[in-house]
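Breakdown of the fold
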Amino acid sequence: MTVSSVQSEVIAITGELSTDSYLQLYCVLKLDKPGSLLQMKTKRNDNKKGFLHISLYQQGESSLLGHLDVSEPTSVWNTVNICPTGLNNNQTTNAMLLSVVGKGRGLSFTVQIAEHVSEIALDKPHPVDVQRDKVSVFQFIPSQDISDKQLDITVTSQSKVAAYLKVSQNCKEVDLQKDLESIDYKKECLRLSFATKGRITLSRFSAPPLNDSVSRWFIGIGLKNLGNVKFNESKHVTLTLTRSYDYNYVTPICGLILLSLFGGILVSIIALWLFEESLTKFGGEDNRSRELRELPSGNQDSNRNDTSNKLKWYQKWRKCISDMLTVAKDHWFCHGPKTFSYITGIVGSVLMVGSFQFVFANWRMMIREGDRDNCYYNDFCYRVIDHDIPFNLMISNLGYIIHGFILTICVLRLETKLYLQILEKFSGTAEEMKKRYCFSIGYAFSWGLIFEGLFSTLYHFCPSRLTFQFDSAFMFIIAGLTILLLYNCFENVNYPVSASNFFLFFIVPLFIFNYFGALYNSHSELNKVHQGLFFGLLIIWWLMMVYWAFYKLNINDQIKFCSTDSCESICNTFLFILGGLLVPCGLFMIFLLRDLAQVFLFACIACSVVAILAKARLWEKLPALGGLCNECCCEHECNCSLKETCRRLFILFTFITLIAAFSVFKFLPTTNKTSLPENSRDMNEECAILGFFDWHALWHLLSSFALLMGAFVVMFISSES
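Now for a quick tour of the structure. Just so it is clear, the model here is predicted, and its values are computed rather than measured. Numbering of residues begins from 1 in every chain and follows the order in which that chain's sequence is written. Local features in this predicted model are restricted to residues whose pLDDT is 70 or higher, and side-chain atom pairs enter the listing and the counts only when it is 80 or higher, whereas totals over whole chains, interfaces and linings include all residues. For the side-chain quantities, the full set of heavy atoms in the structure was used; hydrogens and water were omitted.

**Let's talk about the pairing of strand β13 (residues 163–168)**
- Type-normalised accessible area, obtained with a 1.4 Å probe on protein chains alone, sets the label of each residue: buried when under 20%, exposed when over 50%, and partly exposed for intermediate values. Each helix is a run of DSSP H or I of at least 4 residues and each strand a run of E of at least 2, with the numbering of both proceeding from the N terminus. Counting buried residues in β13 gives 6 out of 6 residues, a clear majority hidden from the surface.
- Burial along β13 is two-sided: Ala163, Leu165 and Val167 and Tyr164, Lys166 and Ser168, pointing in opposite directions, are all buried.
- Of the pairings in the sheet, the one linking β13 to strand β14 (residues 189–194) comprises 6 bridges and is antiparallel in character. Residue pairing in the sheet places Ala163 in a bridge with Phe194 of β14. For two strands to pair, DSSP has to find at least two bridges joining them.

Following this line, the structure appears as structure tokens:
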């Protein structure tokens, strides 16, 4: 055999067999840098019959590094990647033993062994042609200060053929197709599937971690689902390594907190100025109220107004806070109605325990296996802290929590003001009069907003189809509380919907159906018997809810009045049919095969919108909302005072914020939990805000503002109606 150097760091060995019997040839090769990833390839230089078996061994050891079999008389190169051996990829010797065993007189061959041919550098795109059953392996030697930023390993392609990207410090984890497809529990590798793009992010907290060492990283790329891939299928991929985030959290986190906090405070101050008068006014007095007002009150509150007017501004603030704390102590913890607020807190707390265990188990499994397909992250905007989790997307839910606490304080302010008015008017009998008014649903809405932030944070811990049921759990509750707030109001009605009925007959079945809806569209499909039972119980429950609403809203009488051309009755009947029948049926037909779980969520949201339209009585209140007047239904003249104009603008901005939030959610998605992982990654996008937040984080922020503003609008519509 003849050994030569065809180019830098490439050794070529040529030879020819001289007999028809079995013949073994060998030679010792010395490499420049031991411990490198090698690429050995061979080809036949003739068309004669025969075969070759080429093996490469570590000199002084009996370990086989790699081998190739060549039996076909073709000039196409056969290639194999040879991983370095030894601990930490360090070799004690740079000598290799090449063995060629063959049969066939005159059979000519060429073997090439290349060093560093697969080594890649930062910020330099590297083209890769991935063949059907071949794995392309590359090595990256990091610099000493590599860990001060995240390292992004990105692959892009124009082909839709699914492929794997796998990263490890152990070359044996990525060099063969079976290694690429397998997963283990050693935390030695990270793997994901991709179609047109994908990214694995290495950080200080990933498993394996990115440390300040010169240990090599090995990157393997190969096709996925070989059983479904054509024989000659290939995929052209561009591989790029870049350093991205520098672990600087101060600017984005402070920006999020300040915007959510001061934006929420500003919105609340404006809303209280616009709606406080309507939300704290007395309803019509009945005989019992008059009797309570006429009872003697004593002298303790005789000069309340005069005293209050003489206080300085800081004394007024101190008195306001003192009154609010008194009301909180007396009506939150001592006596007073708790119903919705307490049960909402109980449901959220209990559900959080089981939900966290489920999501944490999924995330921990992903970390141990290194299989990034378990969680549907936006890998192109992935920022970590302390643990390998999408901290940027999880912290973006902070707006819900902040706005929930702000709404709690605002509801407490409304309750305190109403209580002080009752105390001033009824004095010693104020407690009995106060029982007519209940702010429990308002507090429950606040807790719902807080728990929505917590459950959304939990969902983004490890997003998937099955964990989405926890993200949507309190969306159901918020939508239901919106309808109940419109029906029950703050002033106790004669036949209110109780909290126990709401949670037992509406929320609990909805949680159960939502879970089985996720199973129905997931890989663990229900069998035919379970499907029939599921849909049968779902239809029965839905008809029961429709009948319940039909009875509570007295739709039977509304239908009778429709014959007298009553505008209100016709509109109420139409909205009931729309929200109770047409919308759920339409959503069911649209999302049945795609994502049945979305039917329940969108149906609840649509029903709450229909309820708002019905309670607002737009046929009577067009002047207050849009500046128009319906002569058929509106008999009063438009009153365009400053506060009334500002109310219209506030409601308009609430609607605009809501539409903007849903537009971001619909038209700027970054993942799709209902599709395959490789197809979901096609929707991944780079960070769009401060290099830290993506578009989905903007949806979180806008929707939290929309819910905060919408809570005041719903309370106003309820009080005005």
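Having put the structure on the table, let's press on.
**Side note on the nonpolar core**
- Counting 109 residues, the largest nonpolar core has Phe340, Phe502, Phe650 and Phe712 as its most contacted members.
- The element best represented in this core is helix α21 (residues 695–720), accounting for 12 residues.
- Domain start and stop points were drawn from an automatic or database domain assignment. A domain split of this core shows at least three residues from each of domain 2 (124–247) and domain 3 (251–282 + 341–559 + 579–621 + 646–718).
- Other than its neighbours up to four places away in sequence, Phe650 contacts Val267, Ile270, Ala271, Leu274, Phe275, Met709, Phe712 and Val713.
- Only buried residues count toward a nonpolar core, which is a set of Ala, Val, Leu, Ile, Met, Phe, Trp, Tyr and Cys residues joined through side-chain atoms within 4.5 Å. Counting residues in hydrophobic clusters, the runner-up holds 26 residues, among them Ile153, Val155, Ala163 and Phe194. We call two residues in contact whenever any of their non-hydrogen atoms come within 4.5 Å of each other.

**Concerning helix α14 (residues 528–552)**
- Take the residue count of a helix, subtract one, and multiply by 1.5 Å to get its expected span. The end-to-end C-alpha distance of α14 is 36 Å, a good match for the 36 Å that 25 residues give at a rise of 1.5 Å each.
- Among all positions in α14, only Gln531, Phe534, Phe535, Leu538, Trp541, Met545 and Val546 are buried.
- One or two steps after α14, the chain reaches Asn554, where phi turns positive at roughly 55°.

**Considering the packing of helix α13 (residues 499–521) against α14**
- Contact geometry of α13 with α14 gives a least axis separation of 11 Å together with a crossing angle of 150°. What the angle tells us is that α13 and α14 run roughly antiparallel. α14 is crossed by α13, and the crossing has left-handed handedness. Across the interface between the two elements, Asn501, Phe502, Phe505, Phe506, Pro509, Leu510, Phe513, Phe516, Gly517 and Tyr520 of α13 pack against Gln531, Phe534, Phe535, Leu537, Leu538, Trp541, Met545 and Trp548 of α14.
- Gly falls in the polar group here, along with every residue not listed as nonpolar (Ala, Val, Leu, Ile, Met, Phe, Trp, Tyr, Cys, Pro) or charged (Asp, Glu, Lys, Arg). Grouping the amino acids of the contact of α13 with α14 by side-chain chemistry returns 15 nonpolar, 3 polar and no charged. Axis definition: a line fitted to C-alpha atoms, over the contacting stretch in the case of helices. Angles run 0 to 180 degrees between N-to-C directions. Roughly parallel refers to an angle under 35 degrees, roughly antiparallel to one over 145, roughly perpendicular to one between 65 and 115, and oblique to any angle outside these ranges. By definition, turning the near helix anticlockwise from the far helix through less than a right angle yields a left-handed crossing, and turning it clockwise yields a right-handed one.

**A look at empty space enclosed by the protein**
- A cavity here means a set of 1 Å grid points, computed over protein atoms only, where a 1.4 Å probe fits but cannot escape. A pocket is an open set with protein on both sides within 12 Å along at least 5 of 7 lines, and lining residues have an atom within 4 Å of a point. Grid points are joined across faces, edges and corners, and a volume is the space filled by probe spheres set on the points. All told, the structure shown has 2 cavities of 30 Å³ or more when counted by the stated rule.
- Arg372, Asp373, Cys375, Tyr376, Tyr377, Pro677, Ser680 and Arg681 are the residues that line the second largest cavity.
- For the lining of the second largest cavity, the per-class residue count stands at 4 nonpolar, 1 polar and 3 charged.

**Looking at the packing of α13 against helix α17 (residues 596–616)**
- The interhelical angle for the contact between α13 and α17, taken along N-to-C directions, is 145°, at an axis separation of 6 Å. On α17, the residues that touch Phe506, Leu510, Phe513, Asn514, Gly517, Ala518, Tyr520 and Asn521 of α13 are Leu596, Ala597, Phe600 and Cys604.
- For the contact of α13 with α17, the per-class residue count stands at 9 nonpolar, 3 polar and no charged.

**So, the environment of Gly448**
- By secondary structure assignment, the location of Gly448 is in helix α10 (residues 440–461).
- Residues Gly448 and Gly348 lie 100 residues apart in sequence; the distance between their C-alpha atoms is 8.1 Å.
- Residue contacts for Gly448: discarding those within four places in its chain leaves Thr344, Phe474 and Ile478.

**Looking at the pattern of salt bridges**
- A side-chain nitrogen of Lys or Arg and a carboxyl oxygen of Asp or Glu constitute a salt bridge if their distance falls within 4 Å. All told, the structure shown has 13 salt bridges when counted by the stated rule.
- Across the salt bridge formed by Glu678 and Lys224, the nearest N and O atoms sit 3.0 Å from each other. Of this pair, Glu678 sits in helix α20 (residues 677–681) while Lys224 is found in the loop between β16 (217–223) and β17 (235–243), placing the two residues 454 residues apart along the sequence.
- For Lys224, a relative accessible area of 12% corresponds to the buried category.
- For Arg413, the salt bridge is made with Glu276, and the minimal N-O distance between the two is 2.9 Å. In this pair, Arg413 is assigned in helix α8 (residues 398–426) and Glu276 in helix α2 (residues 250–279), connecting sequence segments 137 residues apart.

**A look at the packing of aromatic side chains**
- Only rings of Phe, Tyr and Trp enter the pairing, Trp through its six-membered ring, and a pair is recorded when the two centres are within 6.5 Å. The plane angle decides the type: under 30 degrees is stacked, over 60 is edge-to-face, the rest tilted. Within this structure, the stated rule accounts for 32 aromatic pairs.
- When the centroid spacing of 6.4 Å and the interplanar angle of 40° are considered together, the rings of Phe360 and Phe461 count as tilted. Within this pair, whereas Phe360 is found in helix α6 (residues 339–369), its partner Phe461 is found in helix α10, the two being separated by 101 residues in sequence.
- Grouped by ring-pair contacts, the aromatic residues Phe340, Phe502, Phe503, Phe506, Phe513, Tyr515, Phe516, Tyr520, Phe534, Phe535 and Trp541 constitute a single cluster.
- Against the face of Phe468 rests Lys673, its NZ or CZ located 3.9 Å from the ring centre. Definition used: whenever NZ (Lys) or CZ (Arg) falls within 6 Å of the ring centre and also within 35 degrees of the ring normal, the charge is taken to sit over that ring.

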